[in-house]
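Residues per chain are reported as follows:
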Amino acid sequence: MTWWLLGGLAAGCYFFKITGVLAAGSFRLSGAGQSFLAYLTPAVLSGLIVVQTFDGGGRLTISALTAGVTTGAVATWMKAPLPAVLLVASAATAAIRLL
Amino acid sequence: MLTVSERLKAFWSGRHRRDGFLLGLAVGTFGVTFGVLAVSAGVSGLQAVLMSLLMFTGASQFAAVGVVSTGGDPMSALGAALLLAARNGAYALSMSEVMPSGRGSRLIAAQLIIDESTAMAEAQVKLEETREAFWVTGLSVFFFWNLGTLIGVLVGGVVGDPLTWGLDAAFPAGFLALLVPHLKDRNKRRAAATGAVVAAVTIPLLPAGFPVLLASLGAVAVARIESRK
């Protein structure tokens, strides 16, 4: 990671927080604006999941990674805590790569 | 004059303070995972620690490291992370009565506005408890998230090649775990489904990075349909 990227990430994340604090009182989000911000997180998270699970260099690909993430999904569904989910997904992916 | 143990007892007697503290402790374990994954993805230990101190918003940190680890360019990493950070601005707008009046303490309080501190503050009824819940939760998460990151960085340094350990699967699996609580809400579920479809369709068509950014159209679509009703 370049230091420029780190600086941009830090500044950008703080920008949203401090802008919200300073604007509170003088500015109100419209209903649609509030909904948009509430829906943004699930939309982007699911985009990230799809890309990181199926993107094999510009092509939709099923791989050991896909199987590993699916195993992690099952662990999530069984309400396993996050560190356990990550461990299961990684271990399954590594095991399939060894086959 | 109260003794230390009396003060601790008094602190612990407030359920909102106790819960906020314990939530921070739990989030600390996620911090450990962040540290491990960041280092295994090729982010230096110092950078991972600075990310937790300065960004201090988990989903964005995981997203930036995840995009970098799969060879994504810096602008894609920045775009995905900032799309996920935008909601903190909405939280901040709703927290005006919780914010302190002094300029310096407002600058600090702003950094503590995240999912956990907002949720704990909003769960209270009395203003004083709302303020306390915000500060206790925010500071507890800040302390344990950063401590966890530091521990993770030290542990992650000895892990070695991430691909042999299948650590590349940890990012999408982690995003999935972060997504699940949102799926209880019908419209958030729709936004997630639309975002997933947009990403899948655009992977073969557009350069890397764009599919994640365009997944945000899922939020635009659902918000527009909702506002028309």
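Residues numbered from 1 in each chain as written. Chains lettered and ligands numbered in written order. Predicted model: local features only at pLDDT ≥ 70, side-chain atom pairs only at ≥ 80, totals over all residues. Heavy atoms only, no water.

1. What about the overall build of chain A?
Secondary structure summary: chain A contains 4 helices and 0 strands in total. Along chain A, helices and strands appear, N-terminal first, in the series α-α-α-α. Relative to the 2.2 N^0.38 estimate, which gives 13 Å for 99 residues, the radius of gyration of chain A is 19 Å and therefore markedly larger than a compact globule would have. Projected onto the principal axes, the alpha-carbon positions of chain A cover approximately 60 × 35 × 30 Å. Summing over all exposed atoms, chain A offers an accessible surface of approximately 5,000 Å²; the carbon and sulfur share of this is 73%. (Helix = DSSP H or I, 4+ residues; strand = E, 2+ residues; numbered from the N terminus. Rg over C-alpha atoms; globule rule 2.2 N^0.38 Å. Areas by Shrake-Rupley, 256 points an atom, 1.4 Å probe, with all protein chains shown as cover.)

2. Here we look at the confidence of the model for chain B
With 97% of its residues at a pLDDT of 70 or more, chain B has an overall mean of 90. Between the elements of chain B, mean pLDDT differs from a low of 86, seen in helix α1 (residues 4–13) of chain B, to a high of 97, seen in helix α3 (residues 45–54) of chain B. (pLDDT = per-residue confidence, 0-100.)

3. Quick look at unusual backbone geometry
The general pattern is negative phi for most residues beyond glycine and trans for most peptide bonds. One non-glycine residue, A:Lys79, lies in positive phi territory at about 65 degrees. Mapped onto the elements of the fold, A:Lys79 is located in the loop between α3 (64–77) and α4 (82–98). Positive phi, normally seen in glycine, also occurs at B:Phe56, with a value near 45 degrees. Mapped onto the elements, B:Phe56 comes out in the loop between α3 and α4 (58–69).

4. Some details on the side chain of B:Ser117
Residue and element names in this part refer to chain B. Relative to the helices and strands, serine 117 is located in helix α7 (residues 115–122). From its side chain, serine 117 meets the backbone oxygen of leucine 112 in a polar contact 2.7 Å long. Excluding anything up to four places from it in sequence, serine 117 contacts Met95, Leu112, Phe134, Thr137 and Gly138. (Polar contact = N/O pair within 3.5 Å; in protein donor to acceptor, adjacent residues only side chain to side chain. Contact = heavy atoms within 4.5 Å.)

5. Let's talk about the interface of chain B and chain A
Listed per partner, the contact involves 86 residues of chain B and 59 residues of chain A. Approximately 6,100 Å² of surface area, both sides summed, lies buried where chain B meets chain A, with 79% of it carried by carbon and sulfur atoms. Together, B:Gln47, B:Leu93 and B:Ile203 form the three largest contributors to the area buried by chain B at its contact with chain A, with a combined 11%. Put simply, chain B and chain A have 1 salt bridge between them. Residue B:Asp168 pairs with A:Arg97 through a salt bridge whose shortest N-O separation is 2.7 Å. On the surface where chain B and chain A come into contact, there are 13 residue pairs in polar contact (both at pLDDT 80 or more). For the side of chain B that touches chain A, a count of residues per class yields 59 nonpolar, 21 polar and 6 charged. (Buried area = accessible area lost by both parts, 1.4 Å probe. Salt bridge = Lys/Arg side-chain N within 4 Å of Asp/Glu carboxyl O. Nonpolar A, V, L, I, M, F, W, Y, C, P; charged D, E, K, R; others polar.)

6. Details of the domain arrangement of chain B
Residues and elements named next belong to chain B. In terms of domain boundaries, chain B breaks down into domain 1 (13–161) and domain 2 (182–229). Placing the centre of domain 1 and that of domain 2 at their C-alpha centroids yields a distance of 25 Å. Counting residues at the interface gives 5 residues for domain 1, matched by 5 residues for domain 2. Between domain 1 and domain 2, the buried area comes to about 330 Å², and carbon and sulfur atoms account for 81% of it. Contact with domain 2 buries surface across domain 1, with Ser76, Ala80 and Leu83 losing the most and accounting together for 73% of the total. Viewed at the interface, domain 2 and domain 1 are joined by 0 salt bridges. For the interface between domain 1 and domain 2, the tally reads 0 residue pairs in polar contact (both at pLDDT 80 or more). Of the residues contributing to the side of domain 1 that touches domain 2, the split by class is 2 nonpolar, 2 polar and 1 charged. (Domains from an automatic or database assignment.)

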